[in-house]
Amino acid sequence: MANPRLVLLSPDNREREFGLSGSASIGRAGDNTVCLAEESVSRYHAIIEERAGGFWLSDLGSVYGTTVNQTPVKSDYRLRDGDVISVGGAVSLRYVENSGGVAAPEPALEPVVESAPANYSPAAPEPPPASSTKAANVSRATGLSPVMIAVATTGVLLFVLIAALIYRLWPKEGEGGGCGNVKIANPSSDETISGPVTMSVTAERPECIKSVSYRIDGRQFANSSLSAFEATLDPIALKQEFPDLADGEHELSISARPTAGQSALITDSVRVKIKFPDSGGEVSLKEIREMVEKLAIRINQRGEIFDDDSLRQIRDATRMYQTDMSADAERLRPEIRRAANVAGIPAQLMFVLAGSRSRFKEDQAVAGCGAAPNGLGVLKVPPALMIQFGEDTISDQRKTAEVAAKHLKEMMGGQGENFIYAVACFGQSRARIGEIEQRNDQQARRNFWALAGKGEITAEEARRAVCFFASGIVAENPEKFGLTTAKSFVEIY
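What counts, and where the lines are drawn
Residues numbered from 1 in each chain as written. Predicted model: local features only at pLDDT ≥ 70, side-chain atom pairs only at ≥ 80, totals over all residues. Heavy atoms only, no water. Helix = DSSP H or I, 4+ residues; strand = E, 2+ residues; numbered from the N terminus. Buried < 20%, exposed > 50% of the residue type's maximum accessible area, 1.4 Å probe, protein only. Contact = heavy atoms within 4.5 Å. Salt bridge = Lys/Arg side-chain N within 4 Å of Asp/Glu carboxyl O. Core = buried A, V, L, I, M, F, W, Y, C linked by side-chain atoms within 4.5 Å.

J.: Help me get a handle on the environment of I420, residues and values and all.
T.: Tracing the sequence through the fold places I420 in helix α11 (residues 419-424). Taking relative accessible area as the criterion, I420 reaches 4% and is therefore assigned buried. Note: C-alpha distance between I420 and F469 (49 residues apart in sequence) is 9.5 Å. Contacts of I420, omitting those with residues within four sequence positions, involve E304, F448, A465 and F469.

Okay, here's the thing in structure tokens:
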């Protein structure tokens, strides 16, 4: 590829270009490679990664989705020259991989006019009947023939009749049309929620539903247009978005919007009790430093360098992991330990990575932490990675753990010194870490966060590392974060 890049297609026709090398993150947050201000764009909306000689696009669980050439991106998609990417339905970007720019569109087809046979001669016109005298007069006045006037009149009458019929049959607000019922399957009414849960919806006719919006006390906090119709209900994230929420009973509701041809919103609601966890902010940076350094030593027997800014980011991210993951981690312990032992990598690395990407829930992907919703298993392994290692794209925990372990081993190299880079670049090719190694010597690579500050590490890669350490220190020190009944991962490793 001579000059791969993204071209922003703005309404005022002023084009901006973003060069592609390695990977590029797209979203509303200021640390994205492509930063977009529109409200329908999620903070960390999508990512483009270079793999096997091409660039692959993945949606990061955004609220309003990503499309390529008007087709929703539900799995990793290999971009082709000229593809138009729509982000959140508000911003369009064109992927261009050749040096000559975007290929010119194909010319429009010229209308085909059939010529008359050589021996053709028109018949003499018949005189109009007396009854058409009025139409003929109108024809002469307007330039229209009587036949055209009759056709136009008939067309108007048909249009009026069809419009009246549609209005009569079109489902009114609250009727639901022919889509049947849409119900909240989880959580159930009167359930008590204190940690992240998956809010799921069942529909009698899923193909009839275009999107589902999720609300708490009437305020929208998520939207889904996928066939699974799921959203993560995280008390901490809700509290950050709506600071006035307090412990107690709240109404969770959904509004399902049918596809074209149906107009009615279909609604359902349940009342639940929500306990909002205390913020992890009371844990000092000194304590955070001690915990992350111990975690790093457990994995590679040496300390790592952390600056205050990275420690603050990790502390803020711990709010996403203040839930008991120990039971699920213990259940999957045999598969994870076996895969780690066969690959020759620390089991702690696998456990913490799984927690950071899914909280050990196969049906979840932690938003903003670089794990695509279509990832497989609790490690959220990209389907393309499964294929690369000769496996089917089936969410089998043993197989996904094996592929993740092999991939991590390949990314870390022989000495295992690159475990932070393996975490940050999980799902990409080994060539990505090779680029970092070529530009930075071993001493410089010891300080991952300094390289991130210089732009050597992308925002998406740095965020994966932040989430990794946040998940790990909560899992190893649950009591520090209010999880008094959770078992420490140190006992599970």
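J.: Tell me about the pattern of salt bridges, and please be specific about residues and values.
T.: Summed over all chains, the structure comprises 23 salt bridges. When the shortest N-O distance is used, the salt bridge between R289 and D308 registers 3.1 Å. With a gap of 19 residues between them, R289 in helix α4 (residues 285-300) and D308 in helix α5 (residues 308-317) connect regions that are remote in the sequence. Here D316 ties to R319 by a salt bridge, and the two come within 3.4 Å at their closest N and O atoms. Residue classification places R319 among the buried residues on the basis of a relative accessible area of 18%. Salt bridges sharing common partners tie together E49, R51, D76 and R464.

J.: Give a detailed account of the nonpolar core, specifying residues and quantitative values.
T.: With 75 residues, the main nonpolar core has I314, M350, F360, F468 and F469 as its most contacted residues. With ten residues, the top contributor of residues to this core is helix α15 (residues 459-476). Apart from residues no more than four positions distant in its own chain, F469 is found in contact with V292, L295, F306, I314, F419, I420 and W449. Within the second largest apolar cluster, 29 residues are counted, among which are I193, C208, I209 and I216.

Just geometry here; none of it tells us what the structure is for.
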